[in-house]
Amino acid sequence: ISPKKTYRWTRAEVDTTLQTAKLDAAELLPAAHCLRFGPGAAGDVCLLELEPALCGRLQAGHSLEIRGDKDEQAVLCSEDKTYDLKVADTSNVLLFIPGCKIPEQLKMEETHSNIIQTEIFGFSNKYWELRRCRPKLKKLKKLLMENTYEGPGSEKEKDSSHLKYTTEDLLDQIQASEEEIMTQLQVLNACEIGGYWRILEFDYEMKLLNHITQLVDSESWSFSKVPLNTCLQELGPLEPEEMIEHCLRCYGKKYTEEDKICRATAQMLLQNAVKFNLAEFQEVWQQSVPEGMTTRLDQLQGLALVDRQSRPEIIFLLKVENLPEGDQERFSSLFSLREKWTEEDIAPYIQDLCGEKQTVGALLTKYARSSMQNGVKVYNSRRPIS
Amino acid sequence: MVQIVISSAGAGGLAEWVLMELQGEIEARHSTGLAGNLLGDLHYTTEGIPVLIVGHHILYGKIIHLEKPFAVLVKYTPGEQDCDELGCESSTRYLVTALIKNKILFKTRPKPIITNVPKKV
């Protein structure tokens, strides 16, 4: 298309063109747009395809951010969601035109047979395309584990050369929205100490938890109704109050405290050896949790794996957070650990891969092959595992 | 990490533009570029069908309400006054200049306009 260099200002000229083109003016709306190219945008212009929710955010005045290191796939973040960002090419040309009206709008207005002089702002054959994705949060735990908090008295705290991260620092480093990062910090039981986000070193966290459980036991309180002030008074001399309070907040929620505590106790036991005799482990585990709590193997989903094929039956630590983040890599890693999995066993280890449109079943169909073994459906790898 | 901020002009409301999609590419006929050049006349039939007359061609198209609207982003280049003693801010910014919720798509082959040839007498 090679545009001509004439302006058409008059209705008469437009009408002449219509006649030449053998179009009947009676079949057309009276108003017409005369399109010409504007001076060209001063600077780069591009088109970003939006999900309707994002459109609303922008209209309300909110911002979006594109984040990524040079070697990473870029993502776009709103306050609470993360999207993969890709450039889409089209073989057509897209012109963006301010002040151009569509028929619905013209029909609502007065029907002058006027010429609407319209300037094309710019054009492109590309646009940015978004697809909602899982936030890339694995890096968050990795960063915070670089320098775990062992208590205020620890030598580490006196050495300021160790890396610590504020919320701003994390936003700079993690390809995720702020809300997704904050939620994950809660999941990780991270604590903001002196403005920095810290993960408690496991033994220190257990020490705090033990103080609380012993006090709860001796006072015969219910875990869901721990009187905060009394607790802080009693334990204040032993540990900083903020840390006691943090521990209570992480473990003292009504509906999960028993499960969380049993789970943490199991982790403490399991991390000291490669594997455990299942029966022995279950006995020790039950004895190690506070009075009144009941241990159950389903509390250990995504934390430990039971092998019922071995003799004796064993259990070992397998934490989902330590597994690869990518879908194919995750499956490869699971299949190299164990050749065949039941859906019940593998589900906790792929649950976090499920996005908005992918279920556990869909993932298994994509990355695994199923077969029957002793009347039970099992899944193995589609590819040979080296 | 590279951070590019896409900010909106504010809650004052964003202008709504229209996207027009044409087949092929746009070239300037003269070396002086496209600015000021006419593309053509856009009409709508009473049924709402867009008709574009470009040079000696007529194109018939359709209006599409976009399921996924577009934002028009213009890269922001800081002016002199925005730089402080440390230099201009190094992060890139885009300003959302407008939203696009409708597209005029022309994907049929253009029909040439045959002008009357004077008959030989």
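Let me sum up the structure you'll find in this document. Since this is a predicted model, take the numbers as computed values, not measurements. (Residues numbered from 1 in each chain as written. Chains lettered and ligands numbered in written order. Predicted model: local features only at pLDDT ≥ 70, side-chain atom pairs only at ≥ 80, totals over all residues. Heavy atoms only, no water.)

## Comments concerning the pairing of strand β7 (residues 93-105) of chain B
All names here are of chain B.
Then, in step 1: Pairing analysis gives four bridges linking strand β1 (residues 2-8) to β7, with the strands arranged parallel. By the bridge assignment, S7 is partnered in β7 with L95.
Then, in step 2: Alignment of strand β2 (residues 15-23) against β7, held across seven bridges, turns out to be parallel. The residue bridging M20 from the neighbouring strand is I104, located in β7.
Then, in step 3: Sheet analysis places strand β6 (residues 62-76) next to β7, joined by 11 bridges and oriented antiparallel. Bridging across to β7, F70 finds its partner in I100. (Pairing = 2+ DSSP bridges. Helix = DSSP H or I, 4+ residues; strand = E, 2+ residues; numbered from the N terminus.)

## Some remarks on the sheet that holds strand β1 (residues 32-37) of chain A
Then, in step 1: Spatial ordering of the open sheet is given by β6(A)-β1(A)-β3(B)-β4(B)-β5(B)-β8(B), a layout of six strands whose pairing is mixed. At either margin of the open sheet sits one strand with a lone partner, and together these are β6 (115-120) of chain A together with β8 (111-112) of chain B.
Then, in step 2: Note that strand β5 (residues 57-60) of chain B and β8 of chain B share two bridges and pair antiparallel. From the neighbouring strand, H57 of chain B faces β8 of chain B, where its bridge partner is P112 of chain B.
Then, in step 3: Helix-sheet contacts for helix α1 (residues 11-20) of chain A involve β1 and β6 of chain A together with β3 (38-44) and β4 (50-54) of chain B, and the interaxial angle to β3 of chain B is about 75 degrees. (Contact = heavy atoms within 4.5 Å. Axes fitted to C-alpha atoms, helices over the stretch in contact; angles between N-to-C directions.)

## Section: the pattern of salt bridges
Residue and element names in this part refer to chain A.
Then, in step 1: With the rule as written, the count across this model stands at 22 salt bridges over all chains.
Then, in step 2: Ionic pairing is found between R36 and E119, a salt bridge with its closest N-O pair at 4.0 Å. Here E119 lies in strand β6 and R36 lies in strand β1, a separation of 83 residues in the sequence.
Then, in step 3: Taking relative accessible area as the criterion, R36 reaches 14% and is therefore assigned buried.
Then, in step 4: Under the relative-accessibility criterion, E119 is labelled partly exposed at 38%. (Salt bridge = Lys/Arg side-chain N within 4 Å of Asp/Glu carboxyl O. Buried < 20%, exposed > 50% of the residue type's maximum accessible area, 1.4 Å probe, protein only.)

## Here's the deal with a negative patch on the surface
All names here are of chain A.
Then, in step 1: Taken together, the side chains of E168, D172, E178 and E179 define an acidic patch exposed on the protein surface.
Then, in step 2: Residue assignment for the negative patch shows that the elements contributing at least two residues are α6 (167-173) and α7 (178-187).
Then, in step 3: Mapped onto the fold, D172 is located in helix α6. (Patch = residues over 30% accessible without salt bridge, like charges linked within 9 Å, V, L, I, M, F, W, Y side chains within 5 Å. Areas by Shrake-Rupley, 256 points an atom, 1.4 Å probe, with all protein chains shown as cover. Lys, Arg positive; Asp, Glu negative; His and termini not counted. Charge placed at Lys NZ, Arg CZ, Asp CG, Glu CD.)

## Brief notes about the packing of helix α8 (residues 202-219) of chain A against helix α9 (residues 228-235) of chain A
Residue and element names in this part refer to chain A.
Then, in step 1: The interhelical angle for the contact between α8 and α9, taken along N-to-C directions, is 115 degrees, at an axis separation of 11 Å. Taken together, the axis directions place α8 and α9 in an arrangement best described as roughly perpendicular. Both α8 and α9 take part in a crossing whose hand is right-handed. Of α9, the residues touching α8 (which contributes H211, I212 and L215) are C231, E234 and L235.
Then, in step 2: Of the residues in the contact of α8 with α9, the class split is four nonpolar, one polar and one charged. (Parallel < 35°, antiparallel > 145°, perpendicular 65-115°, else oblique. Left-handed = near helix turned anticlockwise from the far one by under 90°. Nonpolar A, V, L, I, M, F, W, Y, C, P; charged D, E, K, R; others polar.)

## Some points on the interface of chain A and chain B
Then, in step 1: Facing 79 residues of chain A, the contacting portion of chain B comprises 68 residues.
Then, in step 2: For the pair chain A and chain B, the summed buried area comes to about 6,800 Å², and 62% of that belongs to carbon and sulfur atoms.
Then, in step 3: Joining chain A to chain B, the criterion identifies two salt bridges.
Then, in step 4: Here D44 of chain A makes a salt bridge to K75 of chain B, at a shortest N to O gap of 3.5 Å.
Then, in step 5: For the pair chain A and chain B, the number of links is 23 residue pairs in polar contact (both at pLDDT 80 or more).
Then, in step 6: Of the residues forming the side of chain A that touches chain B, the biggest block, eight residues, is contributed by strand β5 (residues 82-97) of chain A.
Then, in step 7: Here the residues of the side of chain A that touches chain B sort into 45 nonpolar, 17 polar and 17 charged.
Then, in step 8: When β5 of chain A meets β2 of chain B, the two strands line up antiparallel, connected through six bridges. Bridge pairing in β2 of chain B places N92 of chain A opposite Q23 of chain B. (Buried area = accessible area lost by both parts, 1.4 Å probe. Polar contact = N/O pair within 3.5 Å; in protein donor to acceptor, adjacent residues only side chain to side chain.)

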